[in-house]
Amino acid sequence: MANSPHGGVLKDLYIRDEALQGSLQAEAETLPHVVLTSRQLCDLELILNGGFSPLEGFLTQEEYTSVLHTNRLPNGALWTMPIYLDISSSVLTQLNVSVGSRLALRDPRDDQPLAILTVSSLYQADRSQEATLVYGADDEAHPAVHYLRHNTQDTYVGGPLQAVNAPQHYDYVAIRRSPAEVRALFRKLNWTRVVAFQTRNPMHRAHRELTVRAARMRHANVLIQPVVGLTKPGDIDHFTRVRVYQAIMAKYPNGMAQLSLLPLAMRMGGPREAVWHAIIRKNFGATHFIVGRDHAGPGPNSQGQDFYGPYEAQELVLKYRDELDIEVVPFQMLTYLPDTDEYQPINEVAE
């Protein structure tokens, strides 16, 4: 597995399984297969390329239960989001899948085999418990709880993966980089301190000010890494957003920032999601990660209150700061001061 001065051990399954690619491709054509959903496709891509290190497959029942209750894998490694492959029991019966079976996972867009899963665990989840423990409430006003209730199949399949092919993307190919490619870019540019910024919305000037300020305070460069997988229903499409990001990159000081896209399926899980985002950015080789106000918050619940407090995400990330191996940069909301034409953190502005 690839190592870097920062970023820790990268579980890049493409590199690990490269020598077997021909035989895995041939085997995948003979196996029972499932076609992935859009969310499963995002999860799979980030397991295979190491973005979800230390995961090397979909969570087994033991791993899933451990993550739900302790924010950790059974071996003690910090991991906050349950990443499972959900398949309906009728499909599993039809395919005659049991523990020990090998299953080809295919791309929903072109039917390419992407990976082979060795089934080591088949289990039914308590959805109400999952919603409450991961998202804080079993409330369908939360997009991930709504997805869990209406889009998730009844059986979770866990087990290790082998990489067959990388999913093909035809848009913005030059700025879709794997963790290994992003780390290589940092080495090429001689960037040793990198502040990562997560966004799922079009960026505006306050975001630019916030990221430049974070970089200057830490003598670092900036990785703008927007999510182009699944975000919140109603969000602006990623084509429009990426054009915004490309336009704003020209407004950064020369050589300060790089843009790279992340095929992540967000859950809008607030505090747990913020820790997850920090782990992912560490895997991409960043040394610092900006956690803003209400990071990955889904908005109001069915009572009209926000699901999470404005700084709850920052608090949880700071709780794990010592083992995250990435420095958290907590940010207050920035406010514009028209008299001086500048932005300041709201807590530094006189009443």
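Residues numbered from 1 in each chain as written. Predicted model: local features only at pLDDT ≥ 70, side-chain atom pairs only at ≥ 80, totals over all residues. Heavy atoms only, no water.

(A) View of the pattern of salt bridges. Tallied over the full model, the rule gives 15 salt bridges. With its nearest N and O atoms 3.4 Å apart, the salt bridge here joins Arg-208 to Glu-209. Look at Glu-209 and you get buried, because its relative accessible area is 18%. Taken together, the shared-partner salt bridges connect Lys-11, Arg-16, Asp-17 and Glu-56 into one network. (Salt bridge = Lys/Arg side-chain N within 4 Å of Asp/Glu carboxyl O. Buried < 20%, exposed > 50% of the residue type's maximum accessible area, 1.4 Å probe, protein only.)

(B) Main features of the sheet that holds strand β9 (residues 221-226). With parallel pairing, five strands are arranged side by side in an open sheet as β10-β9-β8-β11-β12. A strand with exactly one partner marks an edge of an open sheet, and here the two such strands are β10 (257-259) and β12 (327-330). Recorded for the sheet is a direction-independent mean angle of 25° between the axes of neighbouring strands. Summarising the sheet, β9 and β10 pair through three bridges and their orientation is parallel. By the bridge assignment for β10, Leu-223 is matched with Gln-258. With respect to the sheet, helix α9 (residues 205-217) is in contact with β8 (194-199), β9, β11 (288-291) and β12, its orientation differing from that of β8 by roughly 160°. Its contacts with the sheet place helix α11 (residues 270-283) against β8, β9 and β11, and it is angled at close to 155° to β11. (Pairing = 2+ DSSP bridges. Helix = DSSP H or I, 4+ residues; strand = E, 2+ residues; numbered from the N terminus. Axes fitted to C-alpha atoms, helices over the stretch in contact; angles between N-to-C directions. Contact = heavy atoms within 4.5 Å.)

Note that all results are geometric; they support no functional claim without further evidence.
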